[in-house]
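As a plain string of letters, each chain reads:
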Amino acid sequence: MTEPKKTVRPEPLQAVKGMNDILPPESARWEWFEAKVRALMARYAYANLRTPIVEPTALFVRGIGEVTDIVEKEMYSFEDSMNGDRLTLRPEHTAGIVRAMIEHNALYNGPLRIWTNGAVFRHERPQKGRYRQFHQIDVEALGFAGPDVDAEQILMCRALWRDLGLSDDDVRLELNSLGQPAERQAHRAALIAHFEAHAHVLDDDARRRLLTNPLRILDNKNPAMQPVVEAAPQLMDFLGEASLAHLAAVRAALDAAGLAYRINPRLVRGMDYYNLTVFEWVTDKLGSQGTVCGGGRYDGLFEQLGGKPTPAIGWGMGVERMLLLLEAVGVAAATASPDVYAIVPAASAMPTAMATCEALRSAGLKVQMHAAGADAWGSMKSQFKRADASGARFALIFGADELARGAVACKSLRDAAAPQRELVLDQPATWAADLLIA
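Now for a look at the structure at hand. It should be emphasised that the depicted structure is a prediction, and the values quoted were computed from it without experimental measurement. (Residues numbered from 1 in each chain as written. Predicted model: local features only at pLDDT ≥ 70, side-chain atom pairs only at ≥ 80, totals over all residues. Heavy atoms only, no water.)

1. A word on the overall build of the protein
Quick reminder of the rule: Every helix listed is a DSSP run of H or I at least four residues long, and every strand listed is a run of E at least two residues long, numbered separately from the N terminus. In this setup the radius of gyration rests on C-alpha atoms only. A globule is expected at 2.2 Å times the number of residues raised to 0.38. Summary of the burial criterion: residues with accessible area below 20% of their type's maximum are buried, those above 50% are exposed, and those between are partly exposed, where the area comes from a 1.4 Å probe applied to protein chains only. The criterion used for residue contact is that any of the two residues' heavy atoms lie within 4.5 Å.
Of the regular secondary structure elements, the protein holds 15 helices and 16 strands. Relative to the compact-globule value of 22 Å for 438 residues, the protein shows a C-alpha radius of gyration of 28 Å, a clear excess of over 25%. Expressed as a percentage of its 438 residues, the buried residues of the protein come to 47%. Across the protein, the fraction of contacts at a sequence separation of at least 24, relative to all contacts at a separation of at least 6, is 71%.

2. Quick notes on helix α4 (residues 94-103)
Since one α-helical turn is 3.6 residues long, residues separated by three or four positions face the same way. Across the ten residues of α4, eight count as buried, placing the element largely inside the fold. For α4, every residue scored as buried is listed here: Thr94, Ala95, Gly96, Ile97, Val98, Arg99, Ala100 and Met101. Buried residues belonging to α4 abut β2 (54-56), α2 (57-64), β5 (112-121), β6 (133-142) and α10 (301-304). One or two steps after α4, the chain reaches Asn105, where phi turns positive at roughly 50 degrees.

3. Focus on the side chain of Arg90
Quick note on the threshold: Neither His nor the chain ends is counted toward charge; the positive residues are Lys and Arg and the negative residues Asp and Glu. Every case where a carboxyl oxygen of Asp or Glu lies within 4 Å of a side-chain nitrogen of Lys or Arg is listed as a salt bridge. Definition of a polar contact: a pair of N or O atoms within 3.5 Å, with one able to donate and the other able to accept a hydrogen when the atoms are protein atoms, and with sequence-neighbouring residues admitted only if both atoms are side-chain atoms.
When you line up the elements, Arg90 lands in the loop between β4 (86-89) and α4. Buried charge without a partner: Arg90 forms no salt bridge, and the closest opposite charge is Glu55, 6.5 Å away. Polar side-chain contacts of Arg90 include one of 2.9 Å to the backbone oxygen of Thr51. In contact with Arg90, other than residues within four places in its own chain, are Thr51, Pro52, Ile53, Phe60, Gly118, Ala119, Val120 and Phe121.

4. Here's the deal with the sheet that holds strand β10 (residues 291-297)
Using the following cut-off: When DSSP finds two or more bridges between a pair of strands, those strands are recorded as paired. Axis geometry follows a simple rule: fit a line to the C-alpha atoms, using only the stretch in contact for helices, then measure angles between N-to-C directions, giving values from 0 to 180 degrees.
Read across the sheet, eight strands follow the order β1-β5-β6-β11-β10-β9-β7-β8 without closing on themselves; strand pairing throughout is mixed. The outermost strands of the open sheet, each flanked by one partner alone, are β1 (47-48) and β8 (262-263). Strand direction decides the pairing type here: strand β7 (residues 172-177) and strand β9 (residues 275-282), joined by six bridges, are antiparallel. Across the sheet, the residue bridging to Leu175 is Phe279, located in β9. Strands in contact with helix α1 (residues 26-43) are β5, β6 and β11 (312-318); relative to β6, the strand with the most contacts, it is inclined by about 5 degrees.

5. Section: the pattern of salt bridges
Evaluated as defined, the whole model comprises 17 salt bridges. Residue Glu124 pairs with Arg130 through a salt bridge whose shortest N-O separation is 3.0 Å. Taking the shortest distance from any N to any O, the salt bridge between Arg208 and Asp205 comes out at 2.5 Å. Residue Arg208 and its partner Asp205 are located together in helix α7 (residues 204-209), separated by three residues, close to a single helical turn. A relative accessible area of 33% means that Arg208 is categorised as partly exposed. Where salt bridges share partners, they join Glu55, Arg99 and Glu103 into one cluster.

6. Thoughts on a nonpolar patch on the surface
Here is the rule we go by: Note that patches include only residues with greater than 30% relative accessible area and no salt bridge, and the join distances are 9 Å for like charges and 5 Å for nonpolar side chains (Val, Leu, Ile, Met, Phe, Trp, Tyr). The protein chains shown are the only cover counted for residues, whose accessible areas, like all others here, come from Shrake-Rupley with a 1.4 Å probe.
There is a patch of nonpolar side chains on the surface, built from Ile53, Val54 and Phe78 and spanning about 220 Å² of accessible area. Among the secondary structure elements, Val54 is positioned in strand β2.

7. Notes on the environment of Lys308
Mapped onto the secondary structure, Lys308 falls in the loop between α10 and β11. Sequence separation of Lys308 and Gly240 is 68 residues, and the distance between their C-alpha atoms is 25 Å.

8. Re the nonpolar core
As a reminder of what qualifies: In these notes, a set of buried Ala, Val, Leu, Ile, Met, Phe, Trp, Tyr and Cys residues joined through side-chain atoms within 4.5 Å is what counts as a nonpolar core.
Of all hydrophobic cores here, the largest spans 46 residues; its most connected members are Phe33, Met41, Trp161, Leu254, Trp281 and Trp315. For this core, the leading source of residues is helix α5 (residues 147-164), giving ten residues. Counting residues in hydrophobic clusters, the runner-up holds 38 residues, among them Ile70, Leu202, Leu267 and Leu301.

9. A few points about the pairing of strand β14 (residues 394-397)
Neither face of β14 is exposed, since Phe394 and Leu396 on one face and Ala395 and Ile397 on the opposite face are all buried. As paired elements, strand β12 (residues 340-343) and β14 share four bridges and run parallel to each other. If you follow Tyr341 over to β14, its bridge partner there is Ala395. Pairing of β14 with strand β15 (residues 407-412), which is carried by four bridges, proceeds in the antiparallel orientation. Bridge pairing in β15 places Ile397 opposite Ala409.

10. Details of the environment of His187
On the secondary structure map, His187 appears in helix α6 (residues 181-197). His187 gets classed as buried once you look at its relative accessible area, which sits at 2%. Expressed as a C-alpha distance, the spacing of His187 and Leu239, which sit 52 residues apart in the sequence, is 9.0 Å. Here His187 is in contact with Leu215, Leu218, Pro233, Gln234, Leu235 and Phe238, once residues within four sequence places are set aside.

Listed below in structure tokens is the structure:
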């Protein structure tokens with residue numbers, strides 16, 4: 001007699017390193033956070049925009065800057081097997097948004113305030129709060145030249161912190177101005193001269209950037225270089241009257257709103273497209289992952305990508321890092337618990353329970369109905385355990401005796417002292433409101 005063949009199961013597959021699944025109940029925190037963001041955007045009259053995950057590689061080389069860490073080291077780029085085009089998984093949102101505005105002539109009828117939310121990709125060493133696929137909230141005001149919109153976007157961030165339950169001690173604002181291109185060129189020449197005079201202390205990364213992007217040396221975190229970095233010429237000393245006036249107007253608006261901030265002359269941001277106002281919201285609650293939100297003005301990016309001269313400003317925020325901050329400071333997100341858990345003692349009660357649950361859902365309640373398992377419906381005790389674990393406020397019990405009386409038993413799961421009551425079965429719309437406000 002031949003042995004039956006054994007079933008060989010394939011090895012289970014795992015997600016790509018640094019690209020994470022988000023499962024319940026963690027996903028409920030994401031939904032709560034995203035709802036807060038959507039509500040904020042509506043209050044500030046920002047409309048939602050969505051762009052493709054994949055863009056031409058040239059968009060980011062031209063937009064972000066060829067001599068940046070993102071373009072040099074971190075992009076997921078590949079060749080399209082159909083036509084040979086060079087494509088890239090977006091490492092940030094702004095360049096794609098500007099491309100969309102130009103392509104669709106979206107600013108023809110005037111300036112726009114827009115926002116988006118979605119996955120971005122950077123090939124770097126995964127660590128807590130820093131992943132290869134992560135998610136960003138991105139906010140842009142396009143076609144606005146004045147410092148009033150700069151201040152509006154910064155104050156918008158503060159409003160979000162308050163909505164999320166963060167205090168002024170949890171996040172703080174750092175502000176700077178990068179001036180205009182001619183001012184940066186003069187500063188650039190002074191920087192090169194300064195760092196060339198101290199070439200013996202520069203590390204390999206700083207030497208590589210010296211003649212291509214010396215401003216980024218100011219972001220260098222090498223402790224051995226900090227005295228030289230601190231002694232470097234400051235861009236603020238090269239700003240002209242108009243740039244200083246723009247910064248002064250932003251500061252005046254923030255002062256009037258009672259928002260504290262620190263002028264940080266070393267704040268340069270990671271993209272080449274910034275000018276004038278740049279800002280970061282930072283925290284000391286996450287160790288080295290200090291920046292939780294940042295942005296600035298990028299008036300030259302439209303021209304850089306082939307469009308008409310268009311002033312613009314925006315900011316981006318990593319969702320994963322923000323959720324880590326909320327966890328670190330003890331902010332509890334609202335849960336997605338149901339209002340009602342329907343307990344079904346027997347299969348015969350299922351049709352009535354199902355119809356009643358549908359009526360309650362139509363009336364606006366969140367309802368979870370117990371479902372039959374391998375051992376039929378399970379005991380009442382096990383169903384009550386599931387009802388309690390669900391987080392529901394009430395259990396509706398579709399028992400045979402209650403159904404015979406044309407009723408359903410209603411028991412509070414959060415108030416042990418509350419008496420159990422009966423609700424008239426054929427009037428679920430009338431007692432749905434009672435359950436919602438109870």
